[in-house]
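Tertiary structure, described
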Amino acid sequence: MHIAYLSAEYPDKNLPSSGGIGSFVKTMADSLVANGHKVTVFLCLQTKDKVWKDGETTIISIKRNSLPKVNAIIDRFLIARMLRKYARTSKIDLIEAPDWEGLHAFLNLNIPIVTRIHGSVSYFNKIQDVKIPKSLFWFEKKALQLSNSIVAVSDFSGRYTNEVFDLKLNYNVIYNGVNVDTFSPSKTTLSNNTILYFGTLASKKGVIELAHIFNELIKINPTPKLILIGKDAFDQQEKKSTWELMQKSFTNKAIKKVVYKGTVPYSEMSKHISEATVCVFPSFAEAFPISWLEAMAKEKSIVASNIGWAKESIDNNVSGFLVNPTEHKVFANKINELLLDESLRSTISKNARIRVKSLFNQ
């Protein structure tokens, strides 16, 4: 088959850092190509039109228009026009797009369209009780309604999407997967005091709570170091960068033990995960995070949020610990328990990899 993906991001050294959807598209493209399929990624909302190859995958960059006020509408018409043009010269059997921002709201092609629910803007805003932009809500709902099929990356994300848009979508749950060979355990010697968070620095990811959690941890164990990896997001409510807000949230004693590495190439993430003792994910809003799976596949013990989707990925107290991010002391105590108890950490981490191999192997 020839399968096309729509995405606004993709992990490439010449592009801005990519999030979970970009990682997902890359993983799927590589897997499909390895199984004999042809894959084209239409990379939307970019700075210029360009075509290049990533291995056997064709990448077609679509330039974002610069007209004010109506740019979101025009962008979606440009996306539809580019796909119509390409469909005439190269037979596409299937198009898949994320629900995020409804990029395919104006697609009107005689080609089946699958929308995968990774979590839309409306979905995340609803979870956080933040005002939903009317135009994006309309784009995202229209894109879902014109789809031939819907896939949700977790049952929670499917059910919640129906609730957000007041729809009765029939969806199939297909969990995100991870390459368990790329993300396999290593024999890196651990110092037993390194905590890793990787992902976007954004309030919805619970990183402000993480600062308070680390403050509590340092009170009971002054030795751990916190490593942060990911792009810094601008907080729309506070009108400041999230990293700036985090720095103000750490105590003077805790901030000395924090290292923010910024973004790193996706190809290097496996190494950084290997060097961590415990991985932490105190998120408030996710659909089914690939980062959790990558850490579990690397045989890492995890302390993560217990909200919504979490129980579908981690078996609490077996393959990781699930705690509400607002319970700072409880969260900190769970991290400390894993840092101090090597036997417990080994059991949890081995169970984590077993779970990923059995349920979430790409």
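Shown above is the structure to which this text applies.
Rules behind the numbers
Residue positions are given per chain, counted from 1 along the sequence in the order it is written. Residues qualify for local features only when their pLDDT is at least 70, as the model is predicted, and side-chain atom pairs are given and counted only at 80 or more; totals for whole chains, interfaces and linings, by contrast, use all residues. Side-chain calculation: all heavy atoms of the structure are included, whereas hydrogens and water are not. Secondary structure elements follow DSSP: runs of H or I no shorter than four residues count as helices, runs of E no shorter than two count as strands, and numbering proceeds from the N terminus. Whether a residue is buried, partly exposed or exposed follows from its accessible area with a 1.4 Å probe, protein chains only, as a fraction of its type maximum: under 20%, in between, or over 50%, in that order. For the purposes of these results, a polar contact is taken to be a pair of N or O atoms within 3.5 Å, where, inside protein, one atom must be able to donate a hydrogen and its partner to accept one; residues adjacent in sequence count only when each atom of the pair is a side-chain atom. The contact criterion used throughout is that any non-hydrogen atoms of two residues lie within 4.5 Å. Definition of nonpolar core: a set of buried residues of the types Ala, Val, Leu, Ile, Met, Phe, Trp, Tyr and Cys, connected through side-chain atoms within 4.5 Å. A pair of strands counts as paired when DSSP detects no fewer than two bridges linking them. Orientation is described by lines fitted to C-alpha atoms, with helices fitted over the stretch in contact, and by angles between N-to-C directions that extend from 0 to 180 degrees. Here a Phe, Tyr or Trp ring, Trp counted by its six-membered ring, pairs with any other such ring whose centre lies within 6.5 Å, and the pair is stacked when the planes are under 30 degrees apart, edge-to-face when over 60, and tilted otherwise. Working definition: roughly parallel below 35 degrees, roughly antiparallel above 145 degrees, roughly perpendicular at 65 to 115 degrees, and oblique for all remaining angles. Two helices crossing with the near one rotated counterclockwise from the far one by less than a right angle form a left-handed crossing, whereas a clockwise rotation gives a right-handed crossing. Charged means Asp, Glu, Lys or Arg here, nonpolar means Ala, Val, Leu, Ile, Met, Phe, Trp, Tyr, Cys or Pro, and polar covers whatever is left, Gly included. Salt-bridge detection follows one rule: a side-chain nitrogen of Lys or Arg within 4 Å of a carboxyl oxygen of Asp or Glu.

Description of the side chain of Ser 61
- Checked against the element boundaries, Ser 61 lands in strand β4 (residues 57–63).
- When its relative accessible area of 6% is taken as the criterion, Ser 61 is described as buried.
- Side-chain polar atoms of Ser 61 contact the backbone oxygen of Lys 48, separated by 2.7 Å.
- Residues contacting Ser 61, with those up to four places away along its chain left out, are Leu 43, Gln 46, Lys 48, Asp 49, Lys 50 and Trp 52.

Some remarks on the nonpolar core
- Leu 196, Phe 198, Ile 273, Cys 279, Phe 281 and Ile 302 are the most contacted members of the largest nonpolar core, which totals 43 residues.
- No other element matches helix α10 (residues 290–297), which puts five residues into this core.
- Every residue in contact with Ile 273, bar those within four places of it in the chain, is listed here: Phe 183, Leu 196, Phe 198, Cys 279, Glu 294, Ala 295, Lys 298 and Lys 300.
- If you look at the next biggest cluster of nonpolar residues, it comprises 28 residues, including Ile 213, Phe 214, Leu 217 and Phe 250.

A look at the sheet that holds strand β2 (residues 38–46)
- One open sheet accounts for eight strands, arranged β3-β4-β2-β1-β5-β6-β7-β8; its pairing is mixed. The open sheet has two free edges, formed respectively by β3 (50–54) and β8 (171–173), since each of these has just one partner strand. If you compare each strand with its neighbour and ignore which way they point, the axes differ by 25° on average.
- With four bridges connecting them, strand β5 (residues 94–98) and strand β6 (residues 113–117) associate as parallel partners. The residue of β6 that forms the bridge with Ala 97 is Thr 115.
- Sheet contacts for helix α1 (residues 20–34): β1 (2–7), β2, β3, β4, β5 and β6; angle to β1, the most-contacted strand, approximately 170°.
- Its contacts with the sheet place helix α2 (residues 71–89) against β1, β2, β4 and β5, and it is angled at close to 140° to β4.

Remarks on the environment of Gly 158
- With respect to the helices, strands and loops of the structure, Gly 158 is situated in helix α5 (residues 155–165).
- Distance in space between the C-alpha atoms of Gly 158 and Arg 116 is 9.5 Å, their sequence separation being 42 residues.

Concerning the packing of aromatic side chains
- According to the stated counting rule, one finds 22 aromatic pairs in the structure shown.
- A ring pair is formed by Trp 138 and Phe 139, whose centres lie 5.7 Å apart and whose planes are at 65°; its orientation type is edge-to-face.
- Judged by its relative accessible area of 46%, Trp 138 is partly exposed.
- Since its relative accessible area comes to 3%, Phe 139 is described here as buried.
- Plain terms: the ring middles of Phe 198 and Phe 281 are 5.3 Å apart, the flat faces sit at 80° to each other, and that makes the pair edge-to-face. Here the residue Phe 198 occupies a position in strand β9 (residues 194–198), and Phe 281 occupies one in strand β14 (residues 278–281), the gap between them amounting to 83 residues.

Regarding the packing of α10 against helix α13 (residues 342–359)
- In contact at an axis separation of 7 Å, α10 and α13 are set at 120° when each is read in the N-to-C sense. With respect to α13, the element α10 is oriented oblique. Here α10 runs over α13; the crossing is left-handed. Note on element contacts: α13 touches α10 through Ser 349, Ala 352, Arg 353, Arg 355 and Val 356, opposite Leu 293, Met 296 and Ala 297.
- Tallied by class, residues from the contact of α10 with α13 come to five nonpolar, one polar and two charged.

Re the pattern of salt bridges
- Overall, the coordinates contain 12 salt bridges when judged by the stated rule.
- Lys 248 is the partner of Glu 244 in a salt bridge, and the nearest nitrogen-oxygen pair spans 3.9 Å. Of this pair, Glu 244 and Lys 248 are both found in helix α7 (residues 242–249), four residues apart, which corresponds to roughly one turn of the helix.
- In this structure Glu 244 comes out as partly exposed when scored by relative accessible area, which is 33%.
- Of the charged contacts, one joins Lys 334 and Glu 337 as a salt bridge, the two residues approaching to 3.8 Å between their closest N and O atoms. Of this pair, Lys 334 and Glu 337 both sit in helix α12 (residues 328–340), three residues apart, roughly one helical turn.
- With a relative accessible area of 23%, Lys 334 lands in the partly exposed category.
- Residue Glu 337 is classed as partly exposed on the basis of its relative accessible area of 34%.

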